[in-house]
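A look at the structure
Listed below, chain by chain, are the residues.
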Amino acid sequence: MKLQICAEVEGHFMLKDKVSTKLYPYEFSIFEKQGKKYISVTKPVDDYMEYAPRVYKKNGQLSIELTKEGIYRDLLEWLFYIESVGAFDFEIQKIHRKELEVNWIRETEDEKGLIPILSCQWKLKTSKPGKYVSNEVLSSLVWFRKTMPEAHIPFGYYRQGVCFFEQEEHLFAFINFYMMLEFCFADGKTKKQDVTKKFLSSQFLELCVLQAISLIRNDRRNFTWMQNECIRRNKLFDFEGVVFLFIKYRGLLSHATIRSKPYLYNDQSIRSLTLFIRTVCFMLSGNIEIFSTLNEEQKNLHFQKDIEKLKVELSDLWPTIDN
């Protein structure tokens, strides 16, 4: 049995016909179908029943377990390699790895009927329009420039972060969200120690972090991931712990080192982190607009009041690390 992954590929190149090559045990092809270009990578799998999809009953309901990703991780790495190097060799712009098609290809008649599902494809969720634009909204946005003439810079990072997040490009999403925080709170500092000090001294950032914790506390999967990441580093999932995590991962994800390599191939592993920093930046964006007309003294009074209220609300989440 052969296993194949296939994905749409975009780029400034042309095809006269299907192109193919081999490098044992892999087969590679680029071809056109229905006006779009696709790339496939195929390999033989001997113990295929261990990884193939299966259908079973659970609590009286039919359930499906799709092909285990571990068996095609090497094929995904090939797509990442071809996308990157192909950007120079024949101007590949993007391989849609997040919308992957996984196919099992029979090689003999004896293999017929052994795998119940021979093909499946992932599709990214598309966001539906959620807001109407009114005269008041547009007017407010335009007048906002008078009080915040540089707002387009942090909001630009937020926009880019959201775009990457919705394409499930979590590494680049995190970096853009972090840059929004850096612009707003680092005061031009770049050294880890200086940035940490600036972040921790900001009541505004503390408010946004506590609001984000409050917002996701009932999302057990993502909340637990964040909490465990903090505990693993002997931190609480509080303002200080979150700042520590953000700066730690910024170093991991924005520098080309051996420690950052795993995230290039598997940025799904930081989805919970990216979702949380997106939530912080979402709260920051709203708060920037809400407090834009207040002076610094008025802002600080609001921050102190809201922070104290949130600390009481979240106090049950912060037992000591030893417990």
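Relevant structure appears above.
Here goes a summary of the coordinates provided. Every value quoted in this text rests on a predicted model; they were computed, and no experiment measured them. (Residues numbered from 1 in each chain as written. Predicted model: local features only at pLDDT ≥ 70, side-chain atom pairs only at ≥ 80, totals over all residues. Heavy atoms only, no water.)

1. Section: helix α3 (residues 152–166)
In a regular helix each residue adds 1.5 Å, so 15 residues correspond to 21 Å; α3 covers 21 Å between its end C-alpha atoms and thus fits that length. Listed as buried for α3 are Pro 154, Tyr 158, Gly 161, Val 162 and Phe 165. Down the axis of α3, the smallest arc covering the buried residues is 100 degrees, so these residues share one side. Tucked inside the fold, the buried residues of α3 contact α4 (170–185) and α10 (271–291). Residue Glu 168 follows α3 closely and has a positive phi angle near 60 degrees. (Helix = DSSP H or I, 4+ residues; strand = E, 2+ residues; numbered from the N terminus. Expected span 1.5 Å × (residues − 1). Buried < 20%, exposed > 50% of the residue type's maximum accessible area, 1.4 Å probe, protein only. Arc of directions from axis to C-beta. Contact = heavy atoms within 4.5 Å.)

2. Some remarks on the nonpolar core
Most often, soluble globular proteins keep nonpolar side chains buried together rather than apart. In this structure, Leu 181, Phe 199, Ile 213, Phe 246 and Phe 276 are the most contacted members of the largest nonpolar core, which totals 55 residues. The set of elements that each furnish at least two residues to this core consists of α3, α4, α5 (192–200), α6 (203–216), α7 (220–232), α8 (239–253), α10 and α11 (296–314). Leave out the neighbours within four places in its chain, and Phe 276 touches Val 209, Ala 212, Ile 213, Ile 216, Met 226, Phe 237, Val 242 and Phe 246. If you look at the next biggest cluster of nonpolar residues, it comprises 28 residues, including Leu 3, Ile 5, Tyr 26 and Cys 120. (Core = buried A, V, L, I, M, F, W, Y, C linked by side-chain atoms within 4.5 Å.)

3. What to know about the packing of aromatic side chains
Applying the stated criterion to the full structure yields 19 aromatic pairs. For the ring pair Tyr 158 and Phe 177, a centre distance of 5.9 Å and an interplane angle of 55 degrees mean the geometry is tilted. Of this pair, Tyr 158 sits in helix α3 while Phe 177 sits in helix α4, and the two are 19 residues apart along the sequence. The pair Tyr 158 / Phe 177 is uniform in exposure class, with both members buried. With a centroid separation of 4.7 Å and 20 degrees between ring planes, the pair formed by Phe 204 and Phe 303 is classed as stacked. Separated by 99 residues along the polypeptide, Phe 204 in helix α6 and Phe 303 in helix α11 bring together distant segments of the chain. Summarising the burial analysis for this pair, Phe 204 and Phe 303 share the class buried. Among the aromatic side chains, those forming a connected cluster through ring pairs are Phe 174, Tyr 178, Phe 199, Phe 223, Phe 237, Phe 246 and Phe 276. Above the plane of the ring of Tyr 38 lies Lys 33, whose end atom (NZ or CZ) is 5.1 Å from the centre. Seen from the ring of Phe 13, Lys 37 lies directly overhead, with NZ or CZ sitting 5.2 Å from the centre. (Phe/Tyr/Trp six-rings, centres within 6.5 Å; stacked < 30°, edge-to-face > 60°. Lys NZ or Arg CZ within 6 Å of the ring centre and 35° of its normal.)

These figures capture arrangement, not role.
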